[in-house]
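The primary structure of each chain is shown beneath.
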Amino acid sequence: MYDLIIIGGGPAGVAAGIYASRKKINALLVTKFFGGEWISSDKIENFIGFKAISGLDLAKTLEEQLRSQPEPIAVKDGITVSSIKKIEGGFEVADSGENTYQAKNILLALGSGYKKLDVPGGKEFEGKGIFYCSTCDAPLMKGKNVAVIGAGNSGLEAAIDLLPYASEINILQYNDVIKGDAIYQEKLKADPKVKIITNAVTKEVLGSDFVSGLKYTDANTNEEKTLEVSGVFVEIGYKPNTDLIKGLVKLDERGHIIVDHKTFQSSEKGIWAAGDMADGLYNQFTTAMGDAVNAVLNIYETLKVK
Amino acid sequence: MAKVTIYSTPTCPYCEMAKEYFKKNNVEFQNFDVSADEKAAREMIEKSHQMGVPVIDIEGTIIVGFDRPSIDKALGIK
């Protein structure tokens, strides 16, 4: 049985792994891959210590720093955790390959994932015209009409990713507040193929094998409208990846794990959480890493006492 | 050695991760850039019945996304 299993290979998970290595905690880190949803960002400018770095390079740098510790903890990547349950003296983590790992403590650092489009057709057409990674899939929209749902920074960035490819870009915002940065708005408004539609509430994604349209209503007039589009890029925010531990620990109303903000321990003794999964007010690289370091140092103290 | 094909776009980090994983494991692969090659794009959609990248074809086993457990299984990587 390990003293600690860290679940997740983003900034929080790696920070925890490095501190666990330095403290010589008998620990294992499991992750699907190193990085997070931000890996598709081509320029990150708020990771302190780098003026600018791409998501992919940041993920590689994090992994390298963990693996090059003088005495690194055990690391398994390519692992999808399927369940976590309580056992005598600790917890058992199972993966999709039916391997199990046991530990006295679990540190959850799975971050957050895209909020999915919850309308008829939303699930059915995922990958068939509905996309969540504009950096990846924008090049497939050459000469096509598309919709981007959400006009925050992520939505506007998606629209910018689409500029060289799509022939018409409709940005839909459910209210009349365009939250995305002015610099992005100016760039998009200057391009005649971009249309920003406010008060547009998405109702349905239409199509047969692939997406062919999108139905929305005007929130002011309740009038129903249809756009003929082949692609729908969804950027409506993020939600914590806490489905896995529902019932095991207390969550707040937004689905975040309620932790003690001095120790980062959850309502269940031995389960700790850091980063986007925890109920902090801000989801930043550096705050996530801080949470994780605090958690590991506290875990180290509890292990010493026993 | 298994015949491995990857359909990708130049901007997609998951495609990059998949290619690097093949290189690390000495797996030879053929890459098609579906943003530039329309024939390959059609082939990818026919094989996977969807449009997201990457799509990986390992001897006829079609994997959507950089899904390591499925890739390991198809290639026999332990």
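Peer 1: Explain the overall build of chain A residue by residue, including any values.
Peer 2: The helix and strand tally for chain A stands at six helices and 17 strands. Against the 2.2 N^0.38 benchmark of 19 Å for 306 residues, chain A shows a C-alpha radius of gyration of 21 Å, consistent with a compact globule. Along the three orthogonal principal directions, the C-alpha set of chain A runs to about 65 × 40 × 35 Å. Counting every position in chain A, which comprises 306 residues, the buried fraction comes to 45%.

Peer 1: Tell me about helix α4 (residues 153-162) of chain A, and please be specific about residues and values.
Peer 2: Residues spaced three or four apart along an α-helix face the same direction, because each turn holds 3.6 residues. Residues and elements named next belong to chain A. In terms of burial, α4 is largely enclosed, as eight of its ten residues are buried. Taken together, the buried positions of α4 are Ser 154, Gly 155, Leu 156, Glu 157, Ala 158, Ala 159, Asp 161 and Leu 162. Packing partners of the buried residues in α4 comprise α3 (134-137), β9 (145-149), β10 (168-172), α5 (182-189), β11 (194-197) and β15 (231-234).

Peer 1: An account of the packing of helix α1 (residues 11-22) of chain A against helix α2 (residues 55-67) of chain A is requested, with residue identities and associated values reported.
Peer 2: Residue and element names in this part refer to chain A. As a packed pair, α1 and α2 sit with axes 9 Å apart at the nearest point and diverge in direction by 15 degrees. Judged on the interaxial angle alone, α2 and α1 are roughly parallel. Once α1 is placed against α2, the crossing between them reads as left-handed. Judged by residue contacts, Pro 11, Val 14, Gly 17 and Ile 18 of α1 engage Leu 62, Gln 65 and Leu 66 from α2.

Peer 1: Describe the pairing of β15(A), listing the residues and the values that go with them.
Peer 2: All names here are of chain A. Residues Gly 231 and Phe 233 point to one face of β15 and Val 232 and Val 234 to the other, with burial holding for every one of them. Summarising the sheet, strand β8 (residues 130-131) and β15 pair through two bridges and their orientation is parallel. Counted as the bridge partner of Phe 131 is Phe 233 from β15. Alignment of β9 against β15, held across four bridges, turns out to be parallel.

Peer 1: Which residues make up the interface of chain B and chain A, and what are the values?
Peer 2: Between chain B and chain A, the contact holds 18 residues from the first and 18 residues from the second. For the side of chain B that touches chain A, the elements supplying multiple residues, two or more each, are α1 (13-24) and α3 (68-75) of chain B. The residue makeup of the side of chain B that touches chain A, split by class, is ten nonpolar, five polar and three charged.

Peer 1: Describe the packing of α4(A) against α5(A), with residues and values.
Peer 2: All names here are of chain A. The geometry of α4 relative to α5 is characterised by a closest axis approach of 10 Å and an angle of 35 degrees between their N-to-C directions. Judged by the sense of rotation from one axis to the other, the crossing of α4 with α5 is left-handed. Between α4 and α5, the contacting residues are Asn 153, Leu 156, Glu 157, Ala 159 and Ile 160 on the first element and Tyr 184, Gln 185, Lys 187 and Leu 188 on the second. Classifying every residue of the contact of α4 with α5 gives five nonpolar, two polar and two charged.

Definitions and limits used
- By convention here, each chain's residues receive numbers from 1 onward along its written sequence.
- Lettering of chains starts at A and numbering of ligands starts at 1, both following the order in which they are written.
- The predicted origin of the model limits local features to residues at a pLDDT of at least 70 and limits the giving and counting of side-chain atom pairs to 80 or more, whereas totals for whole chains, interfaces and linings rest on all residues.
- The helix and strand labels rest on DSSP assignments: H or I over at least four residues marks a helix, E over at least two residues marks a strand, and numbering proceeds from the N terminus.
- We compute the radius of gyration over the C-alpha atoms and compare it with the globule rule, which gives 2.2 Å times the number of residues raised to the power 0.38.
- To sort residues by burial, count the other C-beta atoms lying within 10 Å of each one's C-beta; a count of 20 or more means buried, 12 or fewer means exposed, and anything in between means partly exposed. C-beta atoms are built from the backbone.
- What counts as a contact here is a pair of residues whose C-beta atoms, placed from the backbone, lie within 7 Å.
- Only the stretch in contact is used when fitting a helix axis, every axis being a line fitted to C-alpha atoms; angles between N-to-C directions are given from 0 to 180 degrees.
- Should an angle fall under 35 degrees it is called roughly parallel, over 145 degrees roughly antiparallel, and 65 to 115 degrees roughly perpendicular, with every other angle called oblique.
- Crossing handedness follows the turn of the near helix against the far one: under a right angle anticlockwise gives a left-handed crossing, and clockwise gives a right-handed one.
- Two strands qualify as a pair provided DSSP detects at least 2 bridges between them.
- Charged residues are taken to be Asp, Glu, Lys and Arg, nonpolar residues to be Ala, Val, Leu, Ile, Met, Phe, Trp, Tyr, Cys and Pro, and polar residues to be all remaining types, Gly included.

Distances and angles like these do not, on their own, reveal function.
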